[in-house]
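A look at the structure
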Amino acid sequence: MPDLLLELRSEEIPARMQRKAAEDLKKLVTDALVEQGLAYEGARAYVTPRRLTLQVVGLPARQPDVEEERKGPRVGAPDAAIQGFLKSAGLNSIEEADIVADPKKGEFYVARIRREGRKTPAVLADIVPAVVRGFPWPKSMRWGAASAEPGSLRWVRPLQSILCTFGPETETPDVVPFEIDGIVASDETRGHRFLSQGPILVRSFEKYVEALEKSHVVLDLDERKRRIEADANTIAFAQGYEIVPDEGLLEEVGGLVEWPVVLIGSFDAAYLQVPPEVIRATIRANQKCFVLTKRSTGKLANKFILISNIEARDGGAAIVAGNERVVRARLSDARFFWETDQKPLPEFAGSSLKPLDQRLERLKALNIVFHEKLGTQAARIERIVSLARRIAPLAGADADIAARAATLAKADLVTEMVGEFPELQGLMGRYYALAQGEDASVAAAIEEHYKPQGPSDSVPSSAVSVALALADKLDTLAGFWAIDEKPTGSKDPFALRRAALGVIRLILENGLRVRLGELIGAALDALPVSSDKTAVSADLLSFIADRLTVYLRDKGARHDLIAAVFALDGQDDLTAAVRRVEALGTFLETDDGANLLAGYRRAVNILRIEEKKDGRTFSGGVDASLVLARGEEQEKVLVEALRVANESVREAIAREDFEAAMRALAALRPAVDAFFDAVTVNADDADLRANRLRTLDALRLATLTVADFGVIGG
Amino acid sequence: MSAPDSNDPLHPTRSFQGLILTLQRFWAAEGCVILQPYDMEVGAGTSHPGTTLRSLGPKPWKAAYVQPSRRPKDGRYGENPNRLQHYYQFQVILKPNPPDLQELYLRSLAAIGIDMRLHDIRFVEDDWENPTLGAWGLGWECWCDGMEVSQFTYFQQVAGIECAPVSGELTYGLERLACYLQNVESIMDLNFNGREGAEKVTYRDVFLQAEQEYSRYNFEHANTEALFRRFREAEEECRALLASGADDANKRHLMVQPAYDQCLKAGHAFNLLDARGVISVTERQSYILRVRELAKACGAAWLLTDAGGAA
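What counts, and where the lines are drawn
- Residues numbered from 1 in each chain as written.
- Chains lettered and ligands numbered in written order.
- Predicted model: local features only at pLDDT ≥ 70, side-chain atom pairs only at ≥ 80, totals over all residues.
- UniProt positions renumbered as here; feature names shortened; annotations may be inferred.
- Helix = DSSP H or I, 4+ residues; strand = E, 2+ residues; numbered from the N terminus.
- Rg over C-alpha atoms; globule rule 2.2 N^0.38 Å.
- Buried ≥ 20, exposed ≤ 12 C-beta atoms within 10 Å, placed from the backbone.
- Contact = placed C-beta atoms within 7 Å.
- Domains from an automatic or database assignment.
- Nonpolar A, V, L, I, M, F, W, Y, C, P; charged D, E, K, R; others polar.
- Core = buried A, V, L, I, M, F, W, Y, C linked by C-beta atoms within 7 Å.
- Pairing = 2+ DSSP bridges.
- Axes fitted to C-alpha atoms, helices over the stretch in contact; angles between N-to-C directions.
- Expected span 1.5 Å × (residues − 1).
- Arc of directions from axis to C-beta.

Under an unreviewed UniProt entry, the name given to chain B is Glycine--tRNA ligase alpha subunit, and the organism recorded is Pseudochelatococcus contaminans. Quoted straight from UniProt, the Subcellular location (unreviewed entry) entry for chain B says "Cytoplasm". One UniProt comment on chain B, placed under Sequence similarities (unreviewed entry), says "Belongs to the class-II aminoacyl-tRNA synthetase family."

Chain A goes by Glycine--tRNA ligase beta subunit in an unreviewed UniProt entry, where it is assigned to Pseudochelatococcus contaminans. The annotation that UniProt attaches to chain A under Catalytic activity (unreviewed entry) is "tRNA(Gly) + glycine + ATP = glycyl-tRNA(Gly) + AMP + diphosphate".

Looking now at the overall build of chain B. The helix and strand tally for chain B stands at 8 helices and 10 strands. Against the 2.2 N^0.38 benchmark of 19 Å for 311 residues, chain B shows a C-alpha radius of gyration of 20 Å, consistent with a compact globule. Along the longest, intermediate and shortest principal axes, the C-alpha atoms of chain B span 60 × 45 × 35 Å. Taken across its 311 residues, chain B has 49% of its residues classed as buried. Across chain B, the fraction of contacts at a sequence separation of at least 24, relative to all contacts at a separation of at least 6, is 65%.

Take the domain arrangement of chain B next. Residues and elements named next belong to chain B. Domain annotation of chain B identifies domain 1 (16–216) and domain 2 (223–302). The C-alpha-based centres of domain 1 and domain 2 are spaced at 25 Å. Domain 1 puts 20 residues into the contact, and the matching count from domain 2 is 20 residues. For the side of domain 1 that touches domain 2, the residue count by class is 11 nonpolar, 6 polar and 3 charged.

A few words on the interface of chain B and chain A. Interface size is commonly expressed as the accessible surface area that is lost when the partners come together. Contact with chain B, which involves 35 residues of that partner, is made by 37 residues of chain A. No other element matches strand 4 (residues 121–130) of chain B, which puts 5 residues into the side of chain B that touches chain A. Partitioning the side of chain B that touches chain A into residue classes produces 19 nonpolar, 9 polar and 7 charged.

Residues and elements named next belong to chain B. Its place among the elements puts Q151 in strand 6 (residues 147–158). Classification of Q151 as buried rests on a count of 22 C-beta atoms within 10 Å. With 28 residues separating them in the primary sequence, Q151 and F123 have C-alpha atoms 9.3 Å apart. The residues contacting Q151, other than those within four sequence positions of it, are D126, W128, G139, E141 and T171.

Here we take up the UniProt feature "domain: DALR anticodon binding" (unreviewed entry) in chain A. The residues that UniProt annotates with the feature "domain: DALR anticodon binding" (unreviewed entry) are residues 598–700 of chain A. Its end C-alpha atoms 12 Å apart, residues 598–700 of chain A is made of 78% helix and 0% strand.

Now for the domain arrangement of chain A. According to the domain assignment, chain A consists of domain 1 (3–61 + 119–214), domain 2 (67–114), domain 3 (232–340), domain 4 (355–556) and domain 5 (585–711). The centre of domain 4 of chain A, based on its C-alpha atoms, is set 46 Å off from the matching centre of domain 5 of chain A.

Here the focus is the nonpolar core. Across soluble globular proteins, nonpolar side chains have a tendency to be buried as a group. Grouped together as the largest cluster of nonpolar side chains are 239 residues, with contacts concentrated most on A:A388, A:A402, A:A405, A:A406, A:A467, A:L468 and A:L584. Top contributing element to this core by residue count: helix 15 (residues 463–482) of chain A, with 14 residues. If we skip the residues at most four places from it in the chain, A:A388 touches A:A402, A:A403, A:A405, A:A406, A:A467, A:L468 and A:A471. Counting 41 residues, the second largest nonpolar core, distinct from the first, contains A:W143, B:L53, B:A159 and B:C238.

Here we come to the sheet that holds strand 6 (residues 106–115) of chain A. Residues and elements named next belong to chain A. Across the sheet, 3 strands lie side by side as 4-6-5; this open sheet has antiparallel pairing. One side of each edge strand has no neighbouring strand; the edge strands of this open sheet are strand 4 (66–74) and strand 5 (98–102). Taken pair by pair, the neighbouring strands of this sheet meet at an average axis angle of 35°, ignoring direction.

For an α-helix the count is 3.6 residues per turn, leaving residues at separations of three or four pointing the same way. Residue and element names in this part refer to chain A. For helix 5 (residues 221–238), with 18 residues, the first-to-last C-alpha span of 26 Å sits near the 26 Å given by 1.5 Å per residue. Along helix 5, the residues classified as buried are L221, R224, I228, A232 and A236. Mapping the buried residues of helix 5 onto a view down its axis gives an arc of 85°, with all of them on the same face. Opposite the buried face of helix 5, at more than 90 degrees from it, the exposed residues are D222, A230, T234, F237 and A238. Residue G240 follows helix 5 closely and has a positive phi angle near 85°.

A few words on helix 18 (residues 533–554) of chain A. Residues and elements named next belong to chain A. Between its first and last C-alpha, helix 18 extends 31 Å over 22 residues, near the 32 Å set by a 1.5 Å rise per residue. Three or more residues of helix 18 are buried, namely V536, S537, L540, I544, A545, R547, L548, Y551 and L552. On its buried face, helix 18 sits against helix 15, helix 16 (496–509), helix 17 (516–526), helix 19 (559–566) and helix 20 (574–589). Once helix 18 ends, the next one or two residues include G556, with phi positive near 100°.

This part is about the pairing of strand 3 (residues 51–57) of chain A. Residues and elements named next belong to chain A. Burial runs high along strand 3: 6 of the 7 residues are buried. Pairing geometry for strand 1 (residues 3–10) and strand 3, over 6 bridges, is antiparallel. Counted as the bridge partner of L6 is L54 from strand 3. Here strand 2 (residues 42–48) runs beside strand 3; their pairing, made up of 7 bridges, is antiparallel. Paired with T48 across the bridge in strand 3 is R51. The hairpin turn running from strand 2 into strand 3, its antiparallel successor, is 2 residues long.

Structure representation (structure tokens):
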């Protein structure tokens, strides 16, 4: 069966778009083939900086023939109708049509038209240009003389040539005949931009890959990455270093070269006084090089790995020297930023303010806007300071220290270093805070207050960091809730889900006891916008409860038990709520728990039926004197047991001993069982009946002090 | 074209001016008109009307020139070896871009002494955008051994107007390139005239004092009140000239270039104010927008002139 080979050779494709483009090419072409009735055995796409290649194997030589029936006029219809039918069906005479008998309509003509399948190359000559013209590049462009007219071809960068062949593996394939905007498909390609010359004639996919390899092109991105990784590790290892792994960088570098050649360079060890994160960010972002650590110490080394695209005549000496020069210049810049950021600002010459405090003043003076409705960054800092002060004692931190950390938390945003490398925000704040003699917990909190950044990020545990991280996130959440910019569906531009999860993890993983409702209230009060605070707070709390449900479910907790606890009012103390869920789970696994749940359900069922029958509820509590006077023994026992249980449960809940509360409920079980065995609820005496239903209601209420048993499943 | 031999003071690897002359000769040989720097303060070679305005409309155009570029914010009092508030760009604009523009560019690198079998030349994605000019294009940063030596852009839009046809723009960062060719670490160490001994003139001799003086001016002393005023005045004059130069009856415009000069003046005032740190982030956006509106209006008027291709 014949194969298709397609290569779209262009000027350099951005690295970040390559993998997706290869997938798109495969999907678009193979989908179109299938739609045209051309099944295939396999397909694979490849990409380099200068080519997108698709191989489809096991295609039929032509489309299957299709038969089509076309209904004509009835037999004996006027001649004009017959002639029209012959013309439209492409028949020469009416004898060529079949006659079909229909019980209702009588006999009529049917033309059976057999449409021959087209040859596959002809189909491809339609498919490929359509795919190329409609290719979903994230950004595309026009170019050259053709761009003077509207509708000219768009591609990610100018498209240089198209190779498109079709044929059996063993024979010379045919060129698929088509042309797009003056580019005529051929069976030729070119090799490496600098290490190869002249056209390459292509006979088969295997020969194509082989010829490219000879012309210094590794077609497969994953193979290039594999070679880079292997060579880099070998070189680093041989010199006593280890590469700091960086998959994102590896993917990018794999997309920048057709022929990877790994080289190692170094920089002046004096630059190592700049924080290692800065060196890494500099070398990675600007130079797309890997940094190394010394194997003996694990510390950053004054070495880097670079991936060049050529095998140089001098073995790469000039390339290494050139890269070293640039790294040196960049590190010199970084050191300049590092030093400048620790010096006074010109407008504060002679001021007693410390460097980071000066940056804070500059930030305030610049009136940098956080969000147009939520005011400036400076105003936000003030809010975070007062929130952090409030949270501090709850997290076990000193309020003044937490406030100091909050004050400085955003100051690094106006440092030179963070301006250059935004991903270093927080971290630079920590370094600069330490450098100006701040408390270590203040410095740590400045770095950690952005954490946790997601479900797998670590959660700060030091008290000041926790207080500040919570304050930062609660201000964000309250702010965007107050202006109604909540996440919807897949849209969450302000990462509010992440912030909510952060709040949850900060509280739970540190066992914090806070009333979230109160903190949200305080956060809302501080905002420059007015809102219906009760409604906004309730909505935000329920959003956080939803995120908590997801979080606990991921940890294996029963969804219905979480719901049973959160059905109660005032569950804004997340730590207590989670402990209650745990206690409830343990309780329900005991026989007492299971039976009590069964008793509860029986009681609620009876109540529901009787309440419906009477059209009234039986709330209001048991008439104890009636029970004493005329009740049965088991009824008396249950009423007394409920009184005792209610008291114990209330006490246990008050001291947050949820296990004890559950035990107290469990103690009800024999009384409940005995009651249902011996007492007829629907007594003939109306007063007794009503009082017994009220007893059942009291049982329901008793369970409701620990959870809403009504939403427990199973 | 024959390159001077490597002992010639004007060899591109020996002198800064030799590099400029070599690039000029190379692109002149490709049919470019060699323009001179525009006589106004601009932030980049792109702002020269020889690029901004000429890239609009259907008429073919090939030009190359050096443009001094002023970036007040990049000043470092002459202390940083790689950052200057005033430096040179070599600018090439080819409309429409020829199909082999990449090859031409690589040949120009060879002409200034870069051997492609020794050096690692790379085209790294760079989506170019100039918000004050309302311009964007796709292309690359061109790297030589990890150093960005040029910007390569296919203009898609300029002054908010679709380019038809597309121009190819090459911008060489001359100082950086020269450092590389001369193998010096600091721009200030560049040999400017290619002479040695007493006759040698370095980049430091020519520009260090200027860097120091202008850094003081840009960051500390520029009169912000006057700059705000100048911004407003330039903006007003630009609009006034666009209005009085419009010949609506004949659908022509008679005064685009003077108006465009005022747009450049406003842009430079903005850059200085930005360097002085007196423009807040929110205001910044609105100033950029105001300059862009001027540039757009100039671009639209340009299409009503002969050079802009008006019938």
